[in-house]
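Breakdown of the fold
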Amino acid sequence: MSDELVIEKTRHWLEQAVIGLNLCPFAKAVYVKNQIRFVVSHARHLDGFLDDLDRELDFLAGVSADEVDTTLLIHPTLFPDFEVFNDFLAIADEVVAEHELEGTLQIASFHPDFQFADTEPGDIGNYTNRAPFPILHLLREESIAKAVAAFPNPEAIFERNIATLEKIGLSGWLALGLSQGKA
């Protein structure tokens, strides 16, 4: 699959789910200002993906938030199994620490088969973190703090997202042209 198609599918998910369903009330502002960097990794193994993560952390730490506020590091094939991807997140967080970027950058994750602990694979709530491909979302903590300060009741976002997804159900999700994953 070409990088262009991977990015196109990721943009579709952002536009339809993340922004369209308002799953992240902070995403639209950076998206419309073209402050999201889309990077497709071609790493053939975990070490190569960690090299890509190193580069993207360094890049984001060295560029102005006005130019690039956040990065989506996408790998369309390396992590077909959610459990493997989920286990990898601990390593990714260690990489942030190795770069001495704790408190500056953090990582959020998305996966086609994302599953919260103590849920069934088909639970609609899991779709809040489902994306067309495994994605590491590199976020600036300063940007998060500013967005949260401007948003009333940010702790209710998760519950509101679950309610939104319960309302539209799987059929509504699929009607947006979004994938179901393996659930």
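Scroll up for the structure.
Because the structure is predicted, anything quoted here is derived from the model rather than measured. Numbers given for residues are sequential positions, taken from 1 along each chain in its written order. Local features in a predicted model are, by the rule used here, given only for residues with pLDDT of at least 70; side-chain atom pairs are given and counted only at 80 or more, and totals for whole chains, interfaces and linings are based on all residues. Where side-chain values are given, they derive from all heavy atoms of the structure, hydrogens and water being excluded.

1. Remarks on the side chain of glutamine 35
Labels follow the DSSP assignment, with helices taken as runs of H or I lasting at least four residues and strands as runs of E lasting at least two, numbered in each case from the N terminus. Mapped onto the elements, glutamine 35 comes out in the loop between helix 2 (27-32) and strand 1 (36-40). Accessibility expressed as a relative area gives 7% for glutamine 35, which makes it buried. For glutamine 35, the side chain forms a polar contact with the main-chain oxygen of alanine 65, separated by 3.4 Å. Residue contacts follow a heavy-atom distance rule, with two residues in contact if any of their heavy atoms lie within 4.5 Å. Ignoring any residue separated from it by four or fewer positions in sequence, one finds glutamine 35 in contact with Ala29, Val30, Ala65, Asp66, Glu67, Val68, Asp69 and Thr70. Type-normalised accessible area, obtained with a 1.4 Å probe on protein chains alone, sets the label of each residue: buried when under 20%, exposed when over 50%, and partly exposed for intermediate values. Each polar contact in these results corresponds to two N or O atoms within 3.5 Å; when the atoms are within protein, one needs to be able to donate a hydrogen and the other to accept it, and residues that are neighboring in sequence are counted only if both atoms are side-chain atoms.

2. Quick notes on the pattern of salt bridges
Pairing is possible between side chains of opposite charge, provided their charged atoms come close. Counted as salt bridges are all cases of a side-chain nitrogen of Lys or Arg within 4 Å of a carboxyl oxygen of Asp or Glu. Evaluation of the coordinates by the stated rule reveals four salt bridges. Note that arginine 37 and glutamate 56 form a salt bridge whose closest N and O atoms lie 2.7 Å from each other. With arginine 37 in strand 1 and glutamate 56 in helix 3 (residues 46-62), this pair connects stretches of sequence that are 19 residues apart. Close ionic contact of aspartate 69 with arginine 140 constitutes a salt bridge, the shortest N to O distance being 4.0 Å. On the criterion of sequence distance, the pair formed by aspartate 69 in the loop between helix 3 and strand 2 (70-74) and arginine 140 in strand 4 (residues 135-140) is long-range, its members being 71 residues apart. We note that aspartate 69, like arginine 140, is buried.

3. Quick word on the side chain of asparagine 161
Relative to the elements of secondary structure, asparagine 161 occurs in helix 6 (residues 157-175). By relative accessible area, asparagine 161 is classed as buried at 5%.

4. Thoughts on the nonpolar core
The tendency in soluble globular proteins is for nonpolar side chains to be buried side by side. Residues grouped as a nonpolar core are buried Ala, Val, Leu, Ile, Met, Phe, Trp, Tyr and Cys residues, joined through side-chain atoms within 4.5 Å. Core analysis: the largest hydrophobic core is formed by 25 residues, its most contacted members being Trp13, Leu14 and Trp173. If you list the elements that add at least two residues to this core, you get helix 1 (3-19), helix 2, strand 1, strand 2 and helix 6. Of the residues forming this core, the biggest block, six residues, is contributed by helix 1. What tryptophan 173 contacts, discounting residues up to four positions off in sequence, is Trp13, Ala17, Leu21, Tyr127, Arg130, Leu165, Ile168, Leu178 and Ser179. Counting residues in hydrophobic clusters, the runner-up holds 24 residues, among them Val39, Val95, Leu105 and Ile107.

5. Quick word on unusual backbone geometry
In this structure, asparagine 22 is a non-glycine residue whose phi angle is positive, near 60°. You can see asparagine 22 is positioned in the loop between helix 1 and helix 2. For asparagine 34, which is not glycine, the phi dihedral falls at a positive 55°. Locating asparagine 34 in the fold gives a position in the loop between helix 2 and strand 1.

6. Quick word on helix 1
The set of residues buried in helix 1 consists of Val6, Thr10, Trp13, Leu14, Ala17, Val18 and Ile19. Each element contacted by the buried residues of helix 1 is listed here: helix 2, strand 1, strand 2, strand 3 (105-110), strand 4 and helix 6.

7. Examining the packing of helix 3 against helix 4 (residues 82-98)
Convention adopted: a line fitted to C-alpha atoms gives each axis, helices being fitted over their contacting stretch, and angles between N-to-C directions are expressed from 0 to 180 degrees. Taken N-terminus to C-terminus, the directions of helix 3 and helix 4 make an angle of 40°; their axes are 10 Å apart at the nearest point. It follows from the interaxial angle that helix 3 and helix 4 lie oblique. Taken as a pair, helix 3 and helix 4 cross one another with a handedness that is right-handed. Touching Leu46, Phe49, Leu50, Leu53, Asp54 and Leu57 of helix 3 are Phe88, Ile91, Ala92, Val95 and Val96, all from helix 4. In what follows, roughly perpendicular refers to angles from 65 to 115 degrees, roughly parallel to angles under 35, roughly antiparallel to angles over 145, and oblique to any angle outside these ranges. Should the near helix be turned anticlockwise from the far one by less than a right angle, the crossing is termed left-handed; should it be turned clockwise, right-handed.

8. Here's the deal with the sheet that holds strand 4
One bridge is not enough; two strands pair if DSSP finds at least two bridges between them. Pairing is mixed in the open sheet, where four strands are placed in the order 1-2-4-3. Each end of this open sheet is capped by a strand with a single partner; those strands are strand 1 and strand 3. Shown here is a sheet whose adjacent strand axes are inclined to one another by a mean of 20°, direction ignored. In this structure, strand 1 lies alongside strand 2, joined through five bridges in parallel fashion. Within the sheet, the bridge partner assigned to arginine 37 lies in strand 2 and is threonine 71. Together, strand 3 and strand 4 form the strand contacts of helix 5 (residues 141-150), whose direction differs from that of strand 4 by roughly 75°.

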